[in-house]
Amino acid sequence: MADTPFQVTGQQPRWEDKISVFDVLSNSALKFVADVQEYSLLAARSLSNLLRGPHYLQDLLDQMDDIGVGSLPIVLLTGFFIGVVMVLQTGSQFTRFGQSALTGDVVSIALVRELGPTLTGIFVAGRCAAGIASELGSMLVTEQVDAMRAMGTDPSRKLVTPRVLAAILMQPLLTGLADFVGLLGGCAASVFSLRIDAVEFWTRAIKALEFGDLMQGLMKPLAFGFILATVGCYKGLTVRGGTQGVGRATTQAVVISSVLIIVADTFLTKIALFLSDKIF
Amino acid sequence: MAASSIDLHESPAIEFDSVRIGFGEGDILRNVSFRVMPRETLILLGETGTGKTLSLKLAAGLLKADAGSIRVLGKDLNGMAERELLRFRREVGFVFQEGALFDSMTVADNVAYRLLEDRVNTDEVEPKVREALRFVELERALDLFPPELSGGMRRRVSIARALITRPPIVLYDSPTAGLDPVTSQTIITLILRLRDIYGVTALLATHRLQDGFALANFYFDKNSNRVVHDGKKIAGNNSNAAATRFLVLRDGGVYFEGSPEQLAASNDSYLKRFLV
């Protein structure tokens, strides 16, 4: 036997010690199912907590400030330039067919229905899901979450629900603002680059939008806010491996919430189009 | 004798009966049974990884045992739902190893946390917070944030936070770990004061035998307002506290349980390693 784990013993590993590919795959599948189950439970609790007190209004306001007001600069800045780029890209194509006036229609529909909600969701996920995961993860590894439980506070009520609710409430507002500044950017690009009259751009942009488009554009962010906050909380509260684990959880929170937002967008678009046909 | 203040007919404040708990790599605690009587201090001794912190978390209901029963203040923790446990935990103070203070809150807000959770009138909160911080001699740190405090100060604030609601039981997780001898002594003095002034029942996990002997051999005299040696002689008249006992954990089980004298007189080679 070796005195230290670093000495070479010359012994071959026993048959039982070998791990088969099947074991690795089945363990990964089991872990994935357990993760999905735990995430679903946490997500459901974050909302069911609203039905029964205690409620943490001050924490909710703090989170609304952090997620909503804190994300404003990044959302406004990116929204503006996305509008500009949209006009530059589509305008050059429409100009080839002498239909540059249609730019306002296309930019407004694309922004309100799709680009505004999705890109705002991804930007806010990048900022807030990461922030939530690292904050809760740090609290977990420094035993602050246990301390909270030891003092009779339910962490899902105090930490998770305010963040989830704040994200759900702020995401549509941020998206609305992103859409607006996107159209502003689009208008500026139309005027200076395509020489389209600003009044004509706005008239066409507003006329192109129907009630169903607005509903679609403002309903999606509710789901995106829920996704980014629950994923951030889940990854933060399941950190393993100290500070290195916090870093890993933060990265995973951003990646998973961004991917889930895109996937959810696909299904929500299909549902919204179906409802638009049936209802609006 | 201090020990005589234990009423044998009293029910235990904490009672572990054949408790087992394990994680992925096997059992950490196997068949662990012990009792802590009201106003008694039980020192949990053991090497790192022997389940001391785990025992404290089980006693606070932060973890559930896989088998066996845990009764604290007459309540069976294994049969309680999380909602009931949250209410129960308000009767138990927990001092975490590194303090576990909320680092985004000031010292005052940390100490006031339980009162604010209970929606206690703001006018009543401040005097209680000041009193708790005065007890740990940190009244001046009221508006500081935890990262601005030294390790010893963080533990003292943690003690203040645990005592703000005057819980009958306080659980200490290695309260002197990583501290210099002088600061360790300050922490032990605070624990003595908490025990001898308020008569709290304590379960204290540590790997430092001197902490246990300090608690067993010293006593905080309220009249002279200082720590006095050989608490047992003086305690007969003044102490709220009962005896101090030791429980040594090893390989997932109880290796030794007894008085400080029995531990000191033991010839067991493993126990002697703690006595060196």
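Model, not experiment: these values are computed from the prediction.

Analysis parameters
- Residues numbered from 1 in each chain as written.
- Chains lettered and ligands numbered in written order.
- Predicted model: local features only at pLDDT ≥ 70, side-chain atom pairs only at ≥ 80, totals over all residues.
- Helix = DSSP H or I, 4+ residues; strand = E, 2+ residues; numbered from the N terminus.
- Rg over C-alpha atoms; globule rule 2.2 N^0.38 Å.
- Buried ≥ 20, exposed ≤ 12 C-beta atoms within 10 Å, placed from the backbone.
- Contact = placed C-beta atoms within 7 Å.
- Pairing = 2+ DSSP bridges.
- Axes fitted to C-alpha atoms, helices over the stretch in contact; angles between N-to-C directions.
- pLDDT = per-residue confidence, 0-100.
- Core = buried A, V, L, I, M, F, W, Y, C linked by C-beta atoms within 7 Å.
- Parallel < 35°, antiparallel > 145°, perpendicular 65-115°, else oblique.
- Left-handed = near helix turned anticlockwise from the far one by under 90°.
- Nonpolar A, V, L, I, M, F, W, Y, C, P; charged D, E, K, R; others polar.
- Expected span 1.5 Å × (residues − 1).
- Bend = angle between axes of the 7 residues up to and from the residue.

## Concerning the overall build of chain B
And then number 1: Along the backbone of chain B there are ten helices and twelve strands.
And then number 2: Taking 2.2 N^0.38 as the reference for a compact globule, 276 residues should give roughly 19 Å; the C-alpha atoms of chain B span a radius of gyration of 18 Å, in line with that estimate.
And then number 3: Its C-alpha atoms put chain B at 55 × 45 × 35 Å along the principal axes.
And then number 4: Expressed as a percentage of its 276 residues, the buried residues of chain B come to 43%.
And then number 5: A fraction of 67% describes how many contacts in chain B between residues 6 or more apart in sequence connect residues 24 or more apart.

## Quick look at the sheet that holds strand β7 (residues 169-173) of chain B
All names here are of chain B.
And then number 1: Here we have six strands laid out as an open sheet, ordered β6-β7-β8-β3-β11-β12, and mixed in their pairing. Of all the strands in the sheet, the pair left with one neighbour each is β6 (92-95) and β12 (253-258). The average undirected angle you get between the axes of adjacent strands in this sheet is 15°.
And then number 2: Two elements, β6 and β7, share four bridges in a ladder whose sense is parallel. Of the residues in β7, the one forming a bridge with Val92 is Ile169.

## Focus: the sheet that holds strand β2 (residues 26-36) of chain B
Residue and element names in this part refer to chain B.
And then number 1: Strand order in the open sheet made by the four strands is β2-β1-β4-β5, with antiparallel pairing throughout. The sheet is open, and its two borders are formed by β2 and β5 (75-76), each paired with just one other strand.
And then number 2: The pairing of strand β4 (residues 67-72) with β5 spans two bridges and is antiparallel. Looking at β5, one finds that Val72 is bridged to Lys75.
And then number 3: Packed onto the sheet, helix α1 (residues 52-59) meets β1 (14-23), β2 and β4 and runs at close to 120° relative to β1.

## What to know about the confidence of the model for chain B
Residue and element names in this part refer to chain B.
And then number 1: On average, residues of chain B carry a pLDDT of 85, and 92% of them reach 70 or more.
And then number 2: Below a pLDDT of 50 lies the segment residues 1-6, which in the model reaches 18 contacts outside its immediate sequence neighbourhood of four places, other chains included.
And then number 3: Considering only residues more than four positions removed or in separate chains, one finds that residues 233-238, a stretch of pLDDT under 50, has ten contacts.
And then number 4: Both scores are given for the predicted complex: the pTM is 0.84, the ipTM 0.84.

## With respect to the nonpolar core
And then number 1: Counting residues in each nonpolar core, the largest one holds 135 residues, and the members touching the most others are Ala129(A), Leu228(A), Val111(B), Ala160(B), Leu171(B) and Leu203(B).
And then number 2: Broken down by element, the residue count for this core peaks at 16 residues, all from helix α3 (residues 103-141) of chain A.
And then number 3: Not counting residues within four places of it along the chain, the set of residues in contact with Leu203(B) comprises Ile14(B), Val36(B), Leu42(B), Leu44(B), Leu56(B), Ala59(B) and Leu171(B).

## Focus: the environment of Met215(A)
Residues and elements named next belong to chain A.
And then number 1: Structurally, Met215 is set in helix α7 (residues 211-237).
And then number 2: A tally of 16 C-beta atoms within 10 Å means that Met215 is categorised as partly exposed.
And then number 3: Along the primary structure Met215 and Val69 are separated by 146 residues, whereas in three dimensions their C-alpha atoms are 23 Å apart.

## Focus: the confidence of the model for chain A
And then number 1: For chain A, per-residue confidence averages 88 on the pLDDT scale, and 94% of positions sit at 70 or higher.
And then number 2: Confidence over residues 1-11 of chain A falls short of pLDDT 50; this stretch has three contacts with residues more than four positions distant or in other chains.

## Structural notes on the packing of α7(A) against helix α8 (residues 242-278) of chain A
Residues and elements named next belong to chain A.
And then number 1: One can describe the packing of α7 onto α8 by two numbers: an axis separation of 8 Å at closest approach and a directional angle of 155°. Of the possible angle classes, the one that applies to α7 and α8 is roughly antiparallel. Helix-helix and strand crossings are classified by hand; for α7 and α8 the assignment is right-handed. Of the residues in α8, those in contact with Gly212, Gln216, Met219, Lys220, Ala223, Phe224, Ile227, Leu228, Val231, Gly232, Lys235 and Gly236 of α7 are Ala249, Gln252, Ala253, Ile256, Ser257, Leu260, Ile261, Ala264, Asp265, Leu268, Ala272 and Ser276.
And then number 2: Here the residues of the contact of α7 with α8 are counted per class, giving 14 nonpolar, seven polar and three charged.

## Some words on helix α5 (residues 155-194) of chain A
All names here are of chain A.
And then number 1: For α5, with 40 residues, the first-to-last C-alpha span of 54 Å sits near the 58 Å given by 1.5 Å per residue.
And then number 2: Its axis deflected by about 30° at Thr161, α5 carries its strongest bend there, up to four residues before the proline Pro162.
And then number 3: With its phi angle positive at about 60°, Arg195 sits one or two positions after the end of α5.

## Some remarks on the packing of helix α2 (residues 57-96) of chain A against α3(A)
And then number 1: At their nearest, the axes of α2(A) and α3(A) sit 9 Å apart, and the two run at 145° to each other. Read as a crossing pair, α2(A) and α3(A) show a hand that is right-handed.

## Some words on the environment of Asp211(B)
All names here are of chain B.
And then number 1: Positionally, Asp211 belongs in helix α7 (residues 209-217).
And then number 2: Its 23 C-beta neighbours within 10 Å are what place Asp211 among the buried residues.
And then number 3: As a C-alpha pair, Asp211 and Ile43 span 168 residues in sequence and 8.8 Å in three-dimensional space.
And then number 4: Apart from the residues within four sequence positions on either side, Asp211 is in contact with Thr176, Ile188 and Thr206.

## A closer look at the environment of Thr183(B)
All names here are of chain B.
And then number 1: Assignment of secondary structure puts Thr183 in helix α6 (residues 181-198).
And then number 2: By the C-beta count within 10 Å, which is 17 here, Thr183 ends up partly exposed.
And then number 3: Thr183 sits 30 residues away from Met153 along the chain, and the two C-alpha atoms are 8.8 Å apart.

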